[in-house]
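Residues per chain, in single letters:
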Amino acid sequence: MGAQIYQEQIAARAAESLRGPDDQWAVKRVIARSLRSPLAGTVRLPLGAVERAGGAVRRSVGRVIYPHGALVHRMELGLPPADGEVVTMHDVVAWRFPDEGVPVASAPAELRRAAAVICVSRNTANDVAEMFGVERIHVVYPGVAESFRDAQPLSDAERERLELPARYVLHAGGASLRKNLAGLAGAWQLMRDSVPDTELVLVGPPHPRRDELFQGLPGARRLGRMPAELVPRIVASAAAVVVPSLYEGFGLPVIEAMAAGTPVVAAATSSLPEVAGGAATLTAPTPEGIAEGLRHVLDTRFDRGEAAARGRARAAEFSWERSARGHADVWHALAGAKTPRFGGIAARSN
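As recorded by an unreviewed UniProt entry, the chain carries the name Glycosyltransferase subfamily 4-like N-terminal domain-containing protein and is attributed to Gryllotalpicola daejeonensis.

Written out as structure tokens, the structure reads:
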């Protein structure tokens with residue numbers, strides 16, 4: 001998912017982005033795992049208890065697990081805080097949607113105490129400022145994987161093997177309430193008869209909400225999880241990618257589709273207009289609005305070549321190298337003139 005991609009990409013580029021003639025940085029990654037996790041990590045914690053603990057206990061745990069004197073960049077709110085830290089905020093969904101997990105009770109105070117908060121969009125930055133009274137906010141956009149920029153469409157044989165139709169609209173992602181799959185299902189019911197040669201393909205982990213909405217819906221096909229290396233080519237082969245979300249902190253599928261040259265229909269909500277930058281078809285997040293947007297891009301009069309060019313030009317503005325440099329600017333500013341410097345990247349996985 002987007003937050004995990006972000007953690008991996010920034011952590012992998014942290015040392016290089018900090019490199020300079022006068023700097024001596026050492027970068028260490030702290031990967032916290034739950035006590036029962038079979039996955040490798042650098043520290044084991046009772047993560048649920050840490051999330052629920054009070055502020056004083058959480059700060060004490062942070063002093064134990066992070067290197068003394070390090071500038072810590074905490075990439076997950078559930079982890080304990082550090083003194084003078086940087087914190088990433090992808091979104092505020094835990095405070096807005098009941099199925100997005102329980103908010104960390106100490107998070108608002110910890111965000112206000114942080115030396116800097118990095119947000120992945122201006123929309124998220126505005127939400128964080130308004131909801132929690134945070135002032136030291138920096139907007140640094142994520143990047144897009146190069147595999148999307150040079151993705152080749154699937155061959156007929158590959159599509160048949162994956163059970164993909166010849167022409168399809170793609171939705172790839174989760175099934176939580178904010179993803180607005182109910183709106184997408186309603187839209188497909190409204191427009192299905194007008195595009196009998198096109199199917200709706202849904203890629204994502206099994207979920208009862210997706211099953212309930214699309215099982216038996218004519219022209220809709222659920223593929224479940226797809227191998228990561230195939231996703232860019234599945235995107236590149238689609239007639240359009242639809243992102244009907246009610247809320248996104250950034251909306252990585254929009255930029256991924258644009259990088260692959262695939263037209264995008266996205267809801268005009270939260271960060272999506274900001275990220276699309278005028279290169280997507282924006283709609284109301286209603287069945288009627290989504291259906292209208294899909295009819296527009298699937299019409300034979302729609303200029304797919306022009307849409308692909310605009311999308312690729314917009315996607316070219318986003319790269320993980322550029323994102324890493326933006327992070328490094330924040331780290332340098334906080335570290336001041338002291339050398340040597342030590343940075344810690346803190347990520348969490350169960």
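Having put the structure on the table, let's press on.
Caption draft 1: Summary view of helix 14 (residues 287-298). When the terminal C-alpha atoms of helix 14 are compared, their 16 Å separation across twelve residues agrees well with the 16 Å that a helix rising 1.5 Å per residue should span. Regarding helix 14, the residues found buried are Gly289, Ile290, Ala291, Gly293, Leu294, Val297 and Leu298. Turning to helix 14, the residues buried within the fold contact strand 7 (168-172), helix 9 (181-191), strand 10 (240-243), strand 11 (264-267), strand 12 (281-283) and helix 15 (304-315).

Caption draft 2: Structural detail: the UniProt feature "domain: Glycosyltransferase subfamily 4-like N-terminal" (unreviewed entry) in the chain. The UniProt record annotates "domain: Glycosyltransferase subfamily 4-like N-terminal" (unreviewed entry) at residues 109-145. Its end C-alpha atoms 34 Å apart, residues 109-145 is made of 43% helix and 19% strand.

Caption draft 3: Examining the sheet that holds strand 8 (residues 199-203) more closely. Strand order in the open sheet made by the six strands is 9-8-7-10-11-12, with parallel pairing throughout. Here the strands that pair on one side only, and so sit at the sheet edges, are strand 9 (220-224) and strand 12. Ignoring which end each strand starts from, the neighbouring axes of this sheet average 25° apart. The sheet contact formed by strand 7 and strand 8 spans five bridges and is parallel. Bridge assignment links His171 to a residue of strand 8, and that residue is Leu202. Packing against the sheet, helix 14 makes contact with strand 7, strand 10, strand 11 and strand 12, and its axis sits at approximately 160° to strand 12.

Caption draft 4: Layout of the packing of helix 12 (residues 252-259) against helix 15. Where helix 12 meets helix 15, the axes come as close as 7 Å, and the angle between the chain directions of the two elements is 120°. It follows from the interaxial angle that helix 12 and helix 15 lie oblique. Judged by the twist between their axes, the crossing of helix 12 over helix 15 is left-handed. Within the contact between the two elements, helix 12 uses Ile255, Met258 and Ala259 and helix 15 uses Gly311, Arg312, Arg314 and Ala315.

Caption draft 5: Local environment of the packing of helix 9 against helix 14. Running from N to C, helix 9 and helix 14 cross one another at 55°; their axes reach a closest spacing of 8 Å. Taken together, the axis directions place helix 9 and helix 14 in an arrangement best described as oblique. Crossing of helix 9 over helix 14 shows right-handed handedness. In this structure, helix 9 contributes Gly183, Leu184, Gly186, Ala187, Leu190 and Met191 to the contact, and helix 14 contributes Pro287, Glu288, Ile290, Ala291, Leu294, Arg295 and Leu298. Taken together, the residues that form the contact of helix 9 with helix 14 break down as nine nonpolar, two polar and two charged.

Caption draft 6: Structural detail: unusual backbone geometry. Here the phi dihedral of Glu163 falls at roughly 65°; this positive angle occurs in a residue that is not glycine. Within the secondary structure layout, Glu163 lies in the loop between helix 8 (156-161) and strand 7. The phi torsion at Ser270 lies on the positive side, around 45°, for a residue other than glycine. Here Ser270 is to be found in the loop between strand 11 and helix 13 (272-276). Overall, Ser270 belongs to the partly exposed group, its relative accessible area being 23%.

Caption draft 7: Seen up close, the nonpolar core. Within the largest apolar cluster, 37 residues are counted, with the highest numbers of intra-cluster contacts made by Leu164, Leu170, Val254, Ile255 and Met258. Looking at this core, the elements with two or more residues in it are strand 7, strand 8, helix 11 (231-237), strand 10, helix 12, strand 11 and helix 13. Excluding anything up to four places from it in sequence, Ile255 contacts Val144, Phe250, Val275, Arg314, Ala315 and Phe318. Grouped together as the second largest cluster of nonpolar side chains are 25 residues, Leu184, Met191, Ala220 and Val265 included.

Caption draft 8: Structural detail: the pairing of strand 10. Burial along strand 10 is two-sided: Ala240 and Val242 facing one way and Val241 and Val243 facing the other are all buried. Pairing of strand 7 with strand 10 involves two bridges; the strand directions are parallel. When the sheet's bridge partners are listed, Val169 is paired in strand 10 with Ala240. The sheet contact formed by strand 10 and strand 11 spans three bridges and is parallel. Its bridge partner lying in strand 11, Val241 is registered against Val264. In this fold, strand 10 hands off to helix 12, which returns the chain to strand 11; that crossover is right-handed.

The rules behind the values
Residues numbered from 1 in each chain as written. Predicted model: local features only at pLDDT ≥ 70, side-chain atom pairs only at ≥ 80, totals over all residues. Heavy atoms only, no water. Helix = DSSP H or I, 4+ residues; strand = E, 2+ residues; numbered from the N terminus. Expected span 1.5 Å × (residues − 1). Buried < 20%, exposed > 50% of the residue type's maximum accessible area, 1.4 Å probe, protein only. Contact = heavy atoms within 4.5 Å. UniProt positions renumbered as here; feature names shortened; annotations may be inferred. Pairing = 2+ DSSP bridges. Axes fitted to C-alpha atoms, helices over the stretch in contact; angles between N-to-C directions. Parallel < 35°, antiparallel > 145°, perpendicular 65-115°, else oblique. Left-handed = near helix turned anticlockwise from the far one by under 90°. Nonpolar A, V, L, I, M, F, W, Y, C, P; charged D, E, K, R; others polar. Core = buried A, V, L, I, M, F, W, Y, C linked by side-chain atoms within 4.5 Å. Right-handed = clockwise from strand over helix to strand, strands pointing away.

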